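Read off the chains here:
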Amino acid sequence: MEIKRLTKNFGNPESWTLAAYEKTGGYQMVKKAFAMDPEAIIELVKQSGLRGRGGAGFPTGMKWGFVPKQSDKPKYLCVNADESEPGTFKDRYLLEHDPHALVEGIIISCWAVGIRYAYIYIRGEFGLPYYRIEAAVKEAYEKGYLGSNLNGKGFDLDVTVHRGAGAYICGEETGLIESLEGKKGQPRLKPPFPAVVGVFGCPTVVNNVETIQSIPWIIEHGAEEYRKAGTEKSPGTKLFSVSGHVKRPGVYEIPLGLPCKTLVHDLCGGIIDGKRQKANIVGGSSVPILTGEEADNVDLDYESLAAAGTMLGSGGMIVMDEDTCMVWALAVLLKFYAHESCGQCTPCREGTGWIRNLVYRLEAGDGKREDLDKLLSITGNMMGTTICVLADAAAMPTESFIKKFRAEFEAHVGAGRCPIRGKSAHFLAHAH
Amino acid sequence: MQPYAKPNLDIAGREACHVESMGHSVAFSDASMERFRHLLTRYPNKQAALLPTLWMAQQEFGWISTEVIEYVSELLELPPSHVYGVVSFYTMYYRKPMGKYHIQLCTNLSCMLMGGSTVLDALQEKLGIGLGETTADGMFSLDEVECLAACEMAPCCQMNDEYHGPLTPESVGRFVDELRARGK
Ligand SMILES: Cc1cc2nc3c(=O)[nH]c(=O)nc-3n(C[C@H](O)[C@H](O)[C@H](O)COP(=O)(O)O)c2cc1C
Ligand code: SF4
């Protein structure tokens, strides 16, 4: 059920060191890639069908193809290691266990796209993952894998690890770019897209850690082999981070298209205490929620999840058992979005706060029946009206919670307390 | 090769911090100045070095006082208002002195599903402080934090630069006792 491509070195002794990585064939794919024409590498990545693993699922080869071939400005790569989507922790595993695979992926990607400088933007909270990737970059410099004239034909590449300082919005690609430039991480209007005008006004590729880490495998085994896992439109493997009420939470690398049921009930051991799965947020907190029944009948690939009305997102799966109050769960999530809105766009800045407070009030049993329609009216005005999609990321789950669990929301109206948990969390009273 | 070379890198380690900066003019040590100069070589302009410079400043001075903001703005030739705007945008730059051990408990969904609020109650009771507060002896600060990307160890917390979990109301009590003993 699991297929270990990106996680193959996990658990090897000191897997994060250069010595251990080289022992398993590490950095051999750099040599192979240098012998290839950069265009051919982009073509190979296109053929593999690799889609971005940061959340949006954009085809990686196509993204690389948007970067102008000839540019009088240097080109940049930003590796997105901000990993802040609630429920997602797979990039942390990759950075902790196999940081050299990321460095190798960076070298190959930069060679393919003609990139001179790469930054690894890592969230500020990460301690161990930061030390590990920082140490790996240092080792790679010492060994001559990074620096100048790497291929004997004048290819130079410098890699710098850059720490964020606590802001979800810096995971959004243009928020990341602003932050890297030494500013508040407030997203930019697109177009222009980063591929043309990115960091420091230069052409820039932004890719997730897992995306870049897939590249050495594709170079080694080829596109056809890559497609042997996964489905026609969702090829390859994907790392899922599973948390919540499952017996064995953790990171699982599975072929795309695996039934969600297999991941939850077999790999993760099912629900704690043999309870029923009431709900499942399959792709990180920003995607619409599924009921337990829906989750048990969906396959984990981009198309099947879209058909089920949700998204693969970052693969951060949060499983909830039968005792979970859905109004309470939504209140917890909306606390997050209201806190993380960067404040540039009125529908997002005000909207996230309004819907949070309405759901807080409902959770306390003090809500009114009209609040449900008011919520849906606000979310309708938040979507598609802002600079980035954080507003949608708060609005879409809210709509799906109400749609799928409306009776539960209605049962809270005028109840004076949460009828499911018997008590309320009284978020509003504790709001600060 | 040290796989986990902890003390030399610029993480918000409270262990190495000095709080004397309050009310005094501030300046980097020679060693930090050396690192700062190296930092500048990694970016095409000075402004881009702002976040890492603030990290270094926080490590050296403990928190980002108004003096530190002015100092950093001089170093990087930026308006103090820009530096202040950046400091206040991010949650990890501290605008006040913090306890030696900064405990930040995650209150996002995966942690709350696994009993995060009981852990939070236990921590507040054990420390005798609320969220956003520091104990009178300067040993502990307590905050809540959004998802730490460690949901497999829910409920979890960040203590300075380390993650701990899964926590229970009992285990955090013992954890606080251990830290208190370590800090004496
Ligand atoms: C609010 C918000 C937060 C995001 N956070 C992350 C993140 O933490 N990590 C990440 O890789 N992508 C994140 N993304 C997606 C990025 O904008 C971008 O699509 C991605 O890094 C591109 O890389 P990929 O094509 O390899 O997936 C976020 C997007 C939004 C709108
Ligand atoms: S949608 Fe929200 S987070 Fe995104 S740019 Fe606008 S205010 Fe900022």
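All of these numbers come straight from a predicted model, not from anything done at the bench. (Residues numbered from 1 in each chain as written. Chains lettered and ligands numbered in written order. Predicted model: local features only at pLDDT ≥ 70, side-chain atom pairs only at ≥ 80, totals over all residues. Heavy atoms only, no water.)

Enquirer: Run through the overall build of chain B, naming residues and quoting values.
Expert: Scanning chain B from N- to C-terminus turns up seven helices and five strands. When the elements of chain B are put in sequence order from the N terminus, they spell out α-α-α-α-β-α-α-β-β-β-β-α. (Helix = DSSP H or I, 4+ residues; strand = E, 2+ residues; numbered from the N terminus.)

Enquirer: Could you give an account of the site of ligand 2, with specific residues and numbers?
Expert: In the region of ligand 2, 13 residues are neighbours, and Cys342(A), Gln344(A), Cys345(A), Cys348(A) and Cys388(A) sit closest. Taken together, the residues of the shell around ligand 2 break down into nine nonpolar, four polar and no charged. (Near = heavy atom within 4 Å. Nonpolar A, V, L, I, M, F, W, Y, C, P; charged D, E, K, R; others polar.)

Enquirer: Just give me the short version of the packing of helix H14 (residues 326-340) of chain A against helix H17 (residues 390-404) of chain A, but keep the residues and values in it.
Expert: All names here are of chain A. It is the contact of H14 with H17, at a shortest axis distance of 10 Å, that shows an interaxial angle of 170 degrees. What the angle tells us is that H14 and H17 run roughly antiparallel. For the pair H14 and H17, the contacting residues are Met-326, Ala-329, Leu-330, Leu-333, Leu-334, Tyr-337 and Glu-340 in the first and Leu-390, Ala-393, Ala-394, Thr-398 and Phe-401 in the second. Along the lines of polarity and charge, the residues of the contact of H14 with H17 split into 10 nonpolar, one polar and one charged. (Axes fitted to C-alpha atoms, helices over the stretch in contact; angles between N-to-C directions. Parallel < 35°, antiparallel > 145°, perpendicular 65-115°, else oblique. Contact = heavy atoms within 4.5 Å.)

Enquirer: Describe the site of ligand 1, listing the residues and the values that go with them.
Expert: Residue and element names in this part refer to chain A. What surrounds ligand 1 is a group of 18 residues, the closest being Gly-54, Lys-63, Asn-207, Asn-208 and Thr-211. At a separation of 2.9 Å, an oxygen atom of ligand 1 approaches a polar side-chain atom of Lys-63. For ligand 1, whose accessible area on its own is 610 Å², the fraction buried by protein is 90%. Take the shell around ligand 1: its biggest share by element is three residues, from strand E4 (residues 204-208). Looking at the shell around ligand 1 residue by residue, the class counts come to four nonpolar, eight polar and six charged. (Polar contact = N/O pair within 3.5 Å; in protein donor to acceptor, adjacent residues only side chain to side chain. Areas by Shrake-Rupley, 256 points an atom, 1.4 Å probe, with all protein chains shown as cover.)

Enquirer: Account for the interface of chain B and chain A, with residues named and values stated.
Expert: Many authors give the size of an interface as the accessible area that is lost as the parts come together. Tallying the contact residues gives 47 residues for chain B and 68 residues for chain A. In total, chain B and chain A occlude about 4500 Å² of area from one another, counting both sides; carbon and sulfur atoms represent 61% of this. Linking chain B with chain A are three salt bridges, by the criterion used here. In this assembly, chain B and chain A are joined by 24 residue pairs in polar contact (both at pLDDT 80 or more). Breaking the side of chain B that touches chain A down by element, the ones donating at least two residues are helix H2 (50-61), helix H4 (80-89) and helix H5 (109-113) of chain B. A class-by-class count of the residues in the side of chain B that touches chain A yields 31 nonpolar, nine polar and seven charged. (Buried area = accessible area lost by both parts, 1.4 Å probe. Salt bridge = Lys/Arg side-chain N within 4 Å of Asp/Glu carboxyl O.)

Enquirer: Give a detailed account of the packing of aromatic side chains, specifying residues and quantitative values.
Expert: All names here are of chain A. Considering all chains together, one arrives at 28 aromatic pairs over all chains under this definition. Both rings, one in Phe-34 and one in Phe-155, keep their centres 5.7 Å apart while their planes meet at 75 degrees; by these two values the pair is edge-to-face. Note that Phe-34 is positioned in helix H2 (residues 28-34) and Phe-155 in the loop between helix H7 (128-142) and strand E3 (158-163), a separation of 121 residues in sequence. Accessibility classification places Phe-34 together with Phe-155 in one group, the buried group. Centroid distance Tyr-119 to Phe-200: 6.4 Å. Interplanar angle 65 degrees. Geometry classified as edge-to-face. (Phe/Tyr/Trp six-rings, centres within 6.5 Å; stacked < 30°, edge-to-face > 60°. Buried < 20%, exposed > 50% of the residue type's maximum accessible area, 1.4 Å probe, protein only.)

Enquirer: So, the domain arrangement of chain A: which residues are in play, and what are the values?
Expert: Residue and element names in this part refer to chain A. What the domain assignment lists for chain A is domain 1 (18-226), domain 2 (237-321) and domain 3 (326-430). The straight-line distance from the C-alpha centre of domain 1 to that of domain 2 is 27 Å. With 17 residues of domain 1 in contact, the opposing surface of domain 2 contributes 20 residues. Inspection of the domain 1/domain 2 interface yields two salt bridges. Residue Arg-51 pairs with Glu-303 through a salt bridge whose shortest N-O separation is 3.1 Å. In this structure, the connection of domain 1 to domain 2 is made through 12 residue pairs in polar contact (both at pLDDT 80 or more). Examining the composition of the side of domain 1 that touches domain 2, we find that three residues originate from one element, helix H5 (residues 90-97), more than from any other. (Domains from an automatic or database assignment.)

Enquirer: Explain unusual backbone geometry to me, and be specific about the residues and the numbers.
Expert: Cis peptide bonds are those with omega within 30 degrees of zero, and the linkage from Lys190(A) to Pro191(A) qualifies with -10 degrees. Cis rather than trans, the peptide bond between Gly165(B) and Pro166(B) has omega equal to -5 degrees. As for its position among the elements, Pro166(B) is in the loop between strand E5 (162-164) and helix H7 (169-183). A positive phi angle, near 50 degrees, is found at Asn149(A), a position not held by glycine. Along the polypeptide, Asn149(A) turns up in the loop between H7 and E3. Residue classification places Asn149(A) among the partly exposed residues on the basis of a relative accessible area of 42%. Despite not being glycine, Ala149(B) has its phi angle at roughly 65 degrees, a positive value.

Enquirer: Talk me through helix H3 (residues 38-48) of chain A; I want residue IDs and the actual numbers.
Expert: Residues and elements named next belong to chain A. Looking at H3, one finds that the buried residues are Ile-41, Ile-42, Leu-44, Val-45 and Ser-48. In an axial view of H3, the angular spread of the buried residues amounts to 160 degrees, which keeps them on one side of the axis. Remark: Gly-49 follows H3 within two positions and exhibits a positive phi of approximately 80 degrees. (Arc of directions from axis to C-beta.)

Enquirer: If you had to explain helix H16 (residues 370-382) of chain A to someone new, which residues and values would you point to?
Expert: All names here are of chain A. Across its 13 residues, H16 extends 19 Å between first and last C-alpha, which sits within 8% of the 18 Å expected from 1.5 Å per residue. When we look at burial in H16, the residues that qualify are Asp-371, Leu-372, Leu-375, Ile-378, Thr-379 and Met-382. Looking down the long axis of H16, one finds its buried residues gathered within 125 degrees of arc, a one-sided arrangement. Buried residues belonging to H16 abut helix H15 (346-363), H17 and helix H18 (406-412). Gly-384, located one to two residues past H16, shows a positive phi value of around 75 degrees. (Expected span 1.5 Å × (residues − 1).)

Enquirer: Could you give an account of the domain arrangement of chain B, with specific residues and numbers?
Expert: Under the domain assignment used here, chain B contains domain 1 (11-89) and domain 2 (101-183). Taking only C-alpha atoms into account, the centre of domain 1 of chain B sits 28 Å from that of domain 2 of chain B.

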